[in-house]
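# Structural description and commentary
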Amino acid sequence: LVLTVQRGVTSSLRSVGLQVWKAAMLLTDFVLHKSFTSSEFDGVTAMEIGAGTGLVGLAHARVARRIFITDRGTDILDNCLANVRLNSSMLKFDEAKVLVRELDWKLSWPPPVGTRDASDPSSIYLWSASEIKEAEQATLLFAADVIYSDDLTDLFFDTVRQLMSSGAKKVMYLTLEKRYNFSLDELGVVANGYKHFRSFFTVLDGMWRPGQCYTETRPRGGADRPCDGSSVHQGI
Ligand SMILES: C[S@@+](CC[C@H](N)C(=O)[O-])C[C@H]1O[C@@H](n2cnc3c(N)ncnc32)[C@H](O)[C@@H]1O
């Protein structure tokens, strides 16, 4: 199987989504493995969040009922759409089942409903009311390398929480790179972004084993906000 993506080799912080990050390679590998060895993802509606080049969503497109590939900013979304077009004939999926849509974590879910406007090319990334309904029925969420800034991590989890409490029960597969940096404050090498990320989770008793690649954890909710059965699998 060959997946082709148009991507940058370097990028500025504003356009990090033009690059393919290692976490996306790991999640793509996982999605392809699942789709070739089981029928678990067949006919499933899914959403990729912070998709960048859309690689993970494209891997799912082969077997999906519908995949929403989401990110923010016209440059990133245009690149995603170009990648959908590059792969549809090769992967033999119907382009209509892949929707590239703007989902900015700074805005709350549901996103604003928009209408196509011929004088505004970026209006093709706006949601219709029926697409929002359909996205809420998604049972799978994918996110790769969206954990790198504490402020964005907060916004990302706000979005995930809103999505998970709308419509169908969802499972999220999240992969990330644990980045170590030298900290002047702590006079040592630390993974600050990772620490903040972990603060969102409580590891379920007995689920975690040292060295295990995939752990099942649940978003922090507290007793007043019991988990509705949705869960998160993270690959580190
Ligand atoms: C490090 S890139 C990862 C891209 C891709 N998932 C990968 O792993 O190759 C982080 C992604 O998060 C997106 N992102 C950052 N802030 C966002 C926001 N407020 N709303 C939606 N997406 C955002 C970026 O545009 C970018 O595509």
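That block above? That's the structure.
The present account deals with the structure reproduced in this document. Keep in mind that what you see is a predicted model, and the values were worked out from it rather than measured.

Criteria and cut-off values
- Residues numbered from 1 in each chain as written.
- Predicted model: local features only at pLDDT ≥ 70, side-chain atom pairs only at ≥ 80, totals over all residues.
- Helix = DSSP H or I, 4+ residues; strand = E, 2+ residues; numbered from the N terminus.
- Buried ≥ 20, exposed ≤ 12 C-beta atoms within 10 Å, placed from the backbone.
- Contact = placed C-beta atoms within 7 Å.
- Near = placed C-beta within 6 Å.
- Nonpolar A, V, L, I, M, F, W, Y, C, P; charged D, E, K, R; others polar.
- Expected span 1.5 Å × (residues − 1).
- Core = buried A, V, L, I, M, F, W, Y, C linked by C-beta atoms within 7 Å.

Of regular secondary structure, the chain possesses six helices and 10 strands. Classification of the 236 residues of the chain by burial places 33% in the buried group. The contacts of the chain with a sequence gap of at least 6 include a subset with a gap of at least 24, amounting to 62%.

In the neighbourhood of the ligand, 23 residues make up the surrounding shell, with G17, A24, G50, G52 and D145 lying closest. Grouping the amino acids of the shell around the ligand by side-chain chemistry returns 14 nonpolar, four polar and five charged.

Further remarks concern unusual backbone geometry. Note the cis peptide between W109 and P110, where omega equals 5°. Of note, P110 is situated in the loop between β3 (98-102) and α4 (129-136). Of note, the phi angle at K92 is positive, near 55°, even though the residue is not glycine. Turning to its location among the elements, K92 is positioned in the loop between α3 (74-91) and β3. The phi dihedral of D145 falls on the positive side, at around 50°, and the residue is not glycine. By the element assignment, D145 lies in the loop between β4 (140-144) and α5 (150-164).

Take α3 next. In this model α3 runs 25 Å from its N-terminal to its C-terminal C-alpha over 18 residues, within 8% of the 26 Å that 1.5 Å per residue would give. Of the positions making up α3, those classed as buried are I76, L77, N79, C80, N83, V84 and N87. Contacts from the buried residues of α3 go to α2 (55-61), β2 (66-71) and β3. Two residues or fewer past α3, K92 is found with a positive phi of approximately 55°.

General note: in soluble globular proteins, nonpolar side chains tend to be found buried as a group. L27, V56, L141, F142 and A144 are the most contacted members of the largest nonpolar core, which totals 52 residues. With six residues, the top contributor of residues to this core is helix α1 (residues 22-37). Discounting residues that sit within four places of it in the chain, V56 has contacts with A24, L27, T28, V31, E48, A51, F142 and A144.

Position of A129 among the secondary structure elements: in helix α4. C-beta crowding within 10 Å serves as the criterion here: with 9 such atoms nearby, A129 is assigned to the exposed category. Residues A129 and P111, 18 residues apart in the sequence, show an inter-C-alpha distance of 9.4 Å.

Read these as spatial facts, not as claims about activity.
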